[in-house]
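Read off the chains here:
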Amino acid sequence: MTELFLLELLKGLGKLFANPLFYMFLAAAFVIGVKRVKRERKEFKVKVHPVVDNLIQSLFPGLLVGLAGSAVFLAAGVALPFGMLAFVGIAYGLLSLTTKTRFLSPAYAVAIAAAAALFIPELNTGYSIINRWSQDIQDTSVISLAVILGVLLVQEGILIIWKGDKRTSPRLFKGKRGQYIGAHEATRLWILPQFLLIPAGNVPEIGWWPLMGLGSAGFAFILFPFAIGYRQLVTHTIPAEAIKVLGRKVLLLGIVITAAAAGAFALDLTLLGIAAVAAGLVGRELITILAAQRDDTKPSLFVRRNHGLIVLGVIPGTPADSMGLKTGEVIMKVNGVTMTPDSNFYQAVQKNAAFCKLEVLDEQGEIRFAQRSVYETDPHELGVLFVHDVKEKSSAVS
């Protein structure tokens, strides 16, 4: 029996690489990276993170968190008919046409799938595969979809808290008063392959397992690629603070939806399962809207100041990075020269070409000193990004 399970799991693993949805998500992550680099070059004349960074951030964190979700689905024996999985893939494809990364959240794809399970009519098109998928969608349990949505939202919250604030991208745009302000953008497309059961295969029922097996005599495993699209723009504080707050809200929403879905299963209340899916969709959208409104109404952090230059970003691998400069800190003096909005940062650095000493106001409002020898092999820019007018001819990197 153990050998049978392992063999079927391996077959299910192989189905991931035969799924075009997996490659669509990889391509989308690559496109997100390309667009980010183009924008950074336009606004700062330099790329902050390489394009491949988006692919790495999409795959490895998602795979690790996806393992935990797969364990839950396998332990509970959550099954979906193949036609419904195909429709979820179609829903993701339709959502990708919006070109909005955040709409690739499972809250939207699963909600569309649940609506199809409730309202799609029986089809007789003359194409057997379409007719079979239509029947699969009608046979799908909305409670199973609610369980899947709840667990995926928990995973989304974990990923946002864990990786959402890592390697965010600095941005520049005009504020309400017509002056350029800075921001940080977190745009992620995590790929979360999840092991599920499909009700047709060689894996037999064992006692109470599977819990949500749709009454089939045999099952097969499938590793299905879900995606979590996430985007957040932060202007009023350092990115880590706002992003982790949003992540905790998504995590709490996922826990509530999972609990409601479990209650719907235990009580066999389809209506509660429907309410759980609807609450997951509405709740996730409200979290995004309220976060955007809060950021829009609070004063911007990354603006020009009368005293000092606020650090909008630090390019990895540069002298500024090795000096420990952080986003949100304020550089007050450079080699003894007081910084103002009209100060030439690079000229102040060149005042002592062999050694650079910065007086920095940190996040706690305390002064610290950052210093470093400057070598001939170092780039002439330190690698720190400031708020500036995009049309300025001078480099944004100092």
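My aim in this report is to walk through the structure given alongside it, one point at a time. Starting afresh in each chain, residues are numbered from 1 along the sequence in its written order. Residue-level local features of this predicted model are given only where pLDDT is at least 70; pairs of side-chain atoms are given and counted only at 80 or more, and the full residue set underlies all totals for whole chains, interfaces and linings. Values reported for side chains reflect all heavy atoms of the structure, with hydrogen atoms and water molecules removed beforehand.

## Notes on the side chain of glutamate 329
Secondary structure follows DSSP: runs of H or I at least 4 residues long count as helices, runs of E at least 2 residues long count as strands, and numbering of each begins at the N terminus. Along the chain, the position of glutamate 329 falls in the loop between helix 10 (319-322) and strand 6 (330-334). We define a polar contact as two N or O atoms separated by no more than 3.5 Å, with the added condition that, inside protein, one atom must be a possible hydrogen donor and the other a possible acceptor, whereas residues neighbouring each other in sequence contribute only through side-chain atom pairs. Of note is the side chain of glutamate 329, whose polar atom sits 3.0 Å from the backbone nitrogen of lysine 326. Throughout, a contact is declared for two residues whenever any of their heavy atoms are within 4.5 Å. When neighbours within four sequence positions are excluded, glutamate 329 is seen to be in contact with Leu309, Ile310, Val311, Gly324, Val360, Leu361, Asp362, Glu363 and Arg368.

## Considerations on helix 7 (residues 142-163)
What a helix is expected to span follows from its residue count: subtract one and scale by 1.5 Å. Relative to the 32 Å expected for 22 residues at 1.5 Å per residue, helix 7 spans 31 Å between its end C-alpha atoms, a close match to the ideal helical length. For helix 7, the capping residue at the N-terminal end is serine 141, with a side-chain oxygen 3.2 Å from the backbone nitrogen of isoleucine 143.

## So, the packing of aromatic side chains
Only rings of Phe, Tyr and Trp enter the pairing, Trp through its six-membered ring, and a pair is recorded when the two centres are within 6.5 Å. The plane angle decides the type: under 30 degrees is stacked, over 60 is edge-to-face, the rest tilted. One pass over the full model with this rule turns up 10 aromatic pairs. Seen in terms of ring centroids, phenylalanine 17 and phenylalanine 22 are 5.9 Å apart; in terms of plane orientation they differ by 85 degrees. Their pairing is edge-to-face. On the basis of an interplanar angle of 80 degrees and a centroid distance of 5.1 Å, the ring pair of phenylalanine 25 and tyrosine 92 is categorised as edge-to-face. With phenylalanine 25 in helix 2 (residues 20-44) and tyrosine 92 in helix 4 (residues 82-96), this pair connects stretches of sequence that are 67 residues apart. Among the residues examined, phenylalanine 25 registers a relative accessible area of 0% and is labelled buried. For lysine 357, the ring lying beneath its charged end belongs to phenylalanine 369, and the centroid distance is 5.0 Å. Accessibility here uses a 1.4 Å probe with only protein chains present; expressed as a share of the type maximum, an area under 20% marks a residue as buried, one over 50% as exposed, and anything in between as partly exposed. The rule is short: NZ of Lys or CZ of Arg within 6 Å of the ring centre and within 35 degrees of the ring normal puts a charge over the ring.

## Side note on the environment of valine 34
Looking at the secondary structure, you find valine 34 in helix 2. Valine 34 sits 17 residues away from valine 51 along the chain, and the two C-alpha atoms are 5.8 Å apart.

## Focus: the pattern of salt bridges
By definition here, a salt bridge exists when the distance from a side-chain nitrogen of Lys or Arg to a carboxyl oxygen of Asp or Glu is within 4 Å. On inspection of all chains with the given rule, the structure shows 12 salt bridges. Here glutamate 185 and arginine 39 are joined by a salt bridge, their closest N and O atoms 4.0 Å apart. With glutamate 185 in strand 2 (residues 180-204) and arginine 39 in helix 2, the pair connects residues that are 146 residues apart, well separated along the chain. Judged by relative accessible area, which is 12%, glutamate 185 ranks as buried. Judged by its relative accessible area of 14%, arginine 39 is buried. Across the salt bridge formed by aspartate 165 and lysine 166, the nearest N and O atoms sit 3.2 Å from each other. Residue classification places aspartate 165 among the buried positions, given a relative accessible area of 15%. Since its relative accessible area comes to 34%, lysine 166 is described here as partly exposed.

## With respect to the nonpolar core
Judged by nonpolar contacts, the single largest core of 74 residues is most densely connected at Val78, Met84, Tyr92, Ile148, Leu196 and Phe226. What we call a nonpolar core is a set of buried Ala, Val, Leu, Ile, Met, Phe, Trp, Tyr and Cys residues that are connected through their side-chain atoms within 4.5 Å. Counting 19 residues, the second largest nonpolar core, distinct from the first, contains Leu309, Val334, Cys356 and Phe386.

## Quick look at the sheet that holds strand 3 (residues 218-234)
An order of 1-2-3 is seen for the 3 strands of this open sheet, with the pairing classed as antiparallel. Two strands close off the open sheet at either side, each with one partner strand: strand 1 (169-174) and strand 3. Neighbouring strand axes in the sheet, compared pairwise and without regard to direction, differ in orientation by 30 degrees on average. One requirement defines pairing of two strands: DSSP has to find at least two bridges between them. Looking at chain direction, strand 2 and strand 3 are connected through 17 bridges and run antiparallel. Only the stretch in contact is used when a helix axis is fitted, and all axes are lines through C-alpha atoms; the angle between N-to-C directions ranges over 0 to 180 degrees.

## Things to note about the environment of arginine 188
With respect to the element layout, arginine 188 can be found in strand 2. Accessibility expressed as a relative area gives 7% for arginine 188, which makes it buried. The spacing of arginine 188 and asparagine 54 is 134 residues in sequence and 7.4 Å in space, taken between C-alpha atoms. Sequence-distant contacts of arginine 188, that is, excluding residues within four places in its chain, are made with Thr101, Lys163, Gly164, Lys166, Arg167, Thr168, Ile228, Gly229 and Tyr230.

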